[in-house]
Amino acid sequence: MDKQDYLAGIGELYAAEVLSEALANRWLELTTDPIERYKIGLFLQLESEAKVRLRPLLARYGISLVEDEKQKAASVAEAEHFATHPWKEAMTALSPLCLPYANRFQSLLEVAPPEDAPLLRFMIDHVSIMNCRYQAWQSVRHRANRRSAPTSWLSSSTHSHM
């Protein structure tokens, strides 16, 4: 990977956070359930903080901090889609979308200058969290189905911990 590809990848990191923040913000606007509002509020906080952490890195490389309004509009449309679905269904759809970002950011880490590595590691962990949540929920659900246990407990325990 050459320097231009690396810098483009850094820009992608920021764009992903801008998109995720816009999605979370609009989803929060549309959600009325207090527990879901709390969860989405946490999601919004995580996305906002990650975006802010990236700004000094972009500035160091002269990468624009201007947020693309067209891309944000696409995220708003996605949020409107997610808001029409039950929480678990929306998370099931959203979580696997994070994995390609983690893989892309891992490839950046492999060529990153030492001073960039801690932030790139943070971003990999950050985007992996959503996919890990999804996998953990799927694993619990799979074990419960194998035992033929009633799954009503999944709603309350997963709902209160996500």
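In the block above lies the structure referred to throughout.
Residues numbered from 1 in each chain as written. Predicted model: local features only at pLDDT ≥ 70, side-chain atom pairs only at ≥ 80, totals over all residues. Heavy atoms only, no water.

(A) Structural detail: the nonpolar core. Among the nonpolar cores identified, the biggest contains 23 residues, and Tyr6, Ile10, Leu13, Leu54, Phe105, Leu108 and Leu120 are the most heavily contacted of them. Contributing elements (two or more residues each) for this core: α1 (3-30), α2 (34-60), α5 (99-109) and α6 (117-146). Among the elements that make up this core, the one with the highest residue count is α1 (seven residues). Every residue in contact with Ile10, bar those within four places of it in the chain, is listed here: Leu57, Leu58, Ile63, Leu108 and Leu120. (Core = buried A, V, L, I, M, F, W, Y, C linked by side-chain atoms within 4.5 Å. Buried < 20%, exposed > 50% of the residue type's maximum accessible area, 1.4 Å probe, protein only. Helix = DSSP H or I, 4+ residues; strand = E, 2+ residues; numbered from the N terminus. Contact = heavy atoms within 4.5 Å.)

(B) Local environment of the pattern of salt bridges. Tallied over the full model, the rule gives nine salt bridges. In this structure, Glu21 and Lys51 form a salt bridge, with 2.4 Å as the shortest nitrogen-oxygen distance. Remark: Lys51 occurs in helix α2 and Glu21 occurs in helix α1; sequence separation between them is 30 residues. Among the residues examined, Glu21 registers a relative accessible area of 16% and is labelled buried. (Salt bridge = Lys/Arg side-chain N within 4 Å of Asp/Glu carboxyl O.)

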